[in-house]
Amino acid sequence: MRARLRAYADEPREAMIFFEQGLKERRFINEAATRYGFALALMRAKDYKRAQRELAILEPLAPANAAVSVLKGQLLTATGDTAGALRYYPGALAAHPNYRALVYDYADVLIANRQADAALRVLEKQMVQTPLDARLFALQAKAYASLGQRLLQHKALAESYLRRGYVGAAIEQLQLALRAGDGDFYQLSATEARLREI
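The structure displayed is predicted, hence computed values, not measured ones. (Residues numbered from 1 in each chain as written. Predicted model: local features only at pLDDT ≥ 70, side-chain atom pairs only at ≥ 80, totals over all residues. Heavy atoms only, no water.)

Chemist: Quick one: what's the story with the layout of surface pockets, residue by residue and with numbers?
Modeler: Space inside the largest pocket adds up to approximately 260 Å³. Of all elements in the fold, only α1 (2–9), α2 (12–24) and α3 (31–44) reach the threshold of two or more residues within the lining of the largest pocket. In terms of residue count, α1 provides more of the lining of the largest pocket than any other element does, three residues in total. Each residue belonging to the lining of the largest pocket can be placed in one class, and the counts come to seven nonpolar, two polar and three charged. Here the second largest pocket is characterised by a volume of approximately 220 Å³. What lines the second largest pocket is simply P90, L93, A94, P97, N98, V103, Y106, R121, V122, K125 and Q126. Those elements that place two or more of their residues in the lining of the second largest pocket are α6 (82–95), α7 (100–112) and α8 (116–129). Here the lining of the second largest pocket gets four residues from one element, more than from any other, and that element is α8. (1 Å grid on protein atoms, 1.4 Å probe; cavity = no way out; pocket = protein on both sides within 12 Å on 5 of 7 lines; lining within 4 Å. Points joined across faces, edges and corners; volume = space filled by probe spheres on them. Helix = DSSP H or I, 4+ residues; strand = E, 2+ residues; numbered from the N terminus. Nonpolar A, V, L, I, M, F, W, Y, C, P; charged D, E, K, R; others polar.)

Below, the structure written as structure tokens:
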């Protein structure tokens, strides 16, 4: 995680130089962490070919590492290999159940590729484990928006805001949900009850 922070703290080029010099001069405590930081910096700099080469070296050094799995999925997405990303994420999640960074990224890829129903299933499964995660609800809102379900979109956004402590914004979203005009009786009743509760 220190390597991740370093890769994002500097400008991509500066981070690349830092990690590359560390690898060349063998100045590191942990080679896998240094290669991970280098691959992240390369990806940030959009040097995807070199990032893929680093990832190929990194994977045997850090087998079954959730952070490396996230990096691989993000790299597949960044390089435009959508089909590869869609094939990759289910296996990565099976290897690292409930690892939220994988859930976030997989849901995003599914939504971007018009598979919002599948994204909702992935998100709802994770919400059982971590019901206070605001980002899960924000992604749920995004999925509902792509399906044109405005009441549920605003209701999910309200839950996201509430978990961040923005009570006023949550109330506003629930009011928008009630005026959306596309919910059934059950959804409207649940939204009204949630508004009263808040």
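Chemist: So what about α8? Which residues, and what values?
Modeler: Compared with the 20 Å implied by 1.5 Å per residue over 14 residues, the 20 Å span of α8 between its first and last C-alpha is a close match. Within α8, burial applies to A116, A118, A119, L120, V122, L123, Q126 and M127. Contact partners of the buried residues in α8: α6, α7 and α9 (134–146). (Expected span 1.5 Å × (residues − 1). Buried < 20%, exposed > 50% of the residue type's maximum accessible area, 1.4 Å probe, protein only. Contact = heavy atoms within 4.5 Å.)

Chemist: Lay out the pattern of salt bridges with the relevant residues and their values.
Modeler: Taken as a whole and judged by the stated rule, the model has 13 salt bridges. Here R6 and D10 are joined by a salt bridge, their closest N and O atoms 2.7 Å apart. Residue D108 pairs with K142 through a salt bridge whose shortest N-O separation is 2.7 Å. Of this pair, D108 sits in helix α7 while K142 is found in helix α9, placing the two residues 34 residues apart along the sequence. According to the relative accessible area criterion, K142 is partly exposed, its value standing at 42%. (Salt bridge = Lys/Arg side-chain N within 4 Å of Asp/Glu carboxyl O.)

Chemist: Quick rundown of α2? Include the residues and the values.
Modeler: Its 13 residues give α2 an end-to-end C-alpha distance of 18 Å, which sits within 8% of 18 Å, the value for a rise of 1.5 Å per residue. Those residues of α2 that are buried are in contact with α1, α3 and α4 (48–61). Looking one or two places after α2, you find R26, whose phi comes out positive at around 55 degrees.

Chemist: Lay out the packing of aromatic side chains with the relevant residues and their values.
Modeler: Counted under the stated rule, the structure contains three aromatic pairs. Between Y88 and Y89, the ring centres sit 5.8 Å apart and the planes meet at 65 degrees, which makes this aromatic pair edge-to-face. A single burial state applies to Y88 and to Y89, both of which are buried. Here Y89 and Y106 contribute two aromatic rings whose centre-to-centre distance is 5.5 Å and whose plane-to-plane angle is 25 degrees, an arrangement assigned as stacked. Residue Y89 is found in helix α6, and its partner Y106 is found in helix α7; the two are separated by 17 residues along the sequence. As far as the burial class goes, Y89 and Y106 line up, both buried. Three or more aromatic residues joined by ring pairs form one cluster here, namely Y88, Y89 and Y106. In this arrangement the basic side chain of R6 is found over the ring face of F18, its NZ or CZ atom lying 3.6 Å from the centre. (Phe/Tyr/Trp six-rings, centres within 6.5 Å; stacked < 30°, edge-to-face > 60°. Lys NZ or Arg CZ within 6 Å of the ring centre and 35° of its normal.)

Chemist: Tell me about unusual backbone geometry, and name the residues and values.
Modeler: Glycine aside, residues mostly have negative phi, and peptide bonds are mostly found in the trans state. Of note, the phi angle at A64 is positive, near 60 degrees, even though the residue is not glycine. Counting through the fold element by element, A64 comes out in the loop between α4 and α5 (66–78). Phi angles above zero are rare outside glycine, and R114 is one such case at about 60 degrees. In this structure, R114 sits in the loop between α7 and α8.

Chemist: How would you explain the packing of α2 against α3 if you had to name every residue and give the values?
Modeler: Closest axis-to-axis distance for the α2/α3 pair is 8 Å, and the angle between their directions is 150 degrees. Considered as vectors, α2 and α3 are oriented roughly antiparallel to each other. As α2 runs across α3, the sense of the crossing is left-handed. Across the interface between the two elements, P12, A15, M16, F19, E20 and L23 of α2 pack against E31, T34, R35, G37, F38, A41, L42 and R44 of α3. Of the residues contributing to the contact of α2 with α3, the split by class is eight nonpolar, two polar and four charged. (Axes fitted to C-alpha atoms, helices over the stretch in contact; angles between N-to-C directions. Parallel < 35°, antiparallel > 145°, perpendicular 65-115°, else oblique. Left-handed = near helix turned anticlockwise from the far one by under 90°.)

Fair warning: the whole summary comes from geometry, so function is off the table for now.
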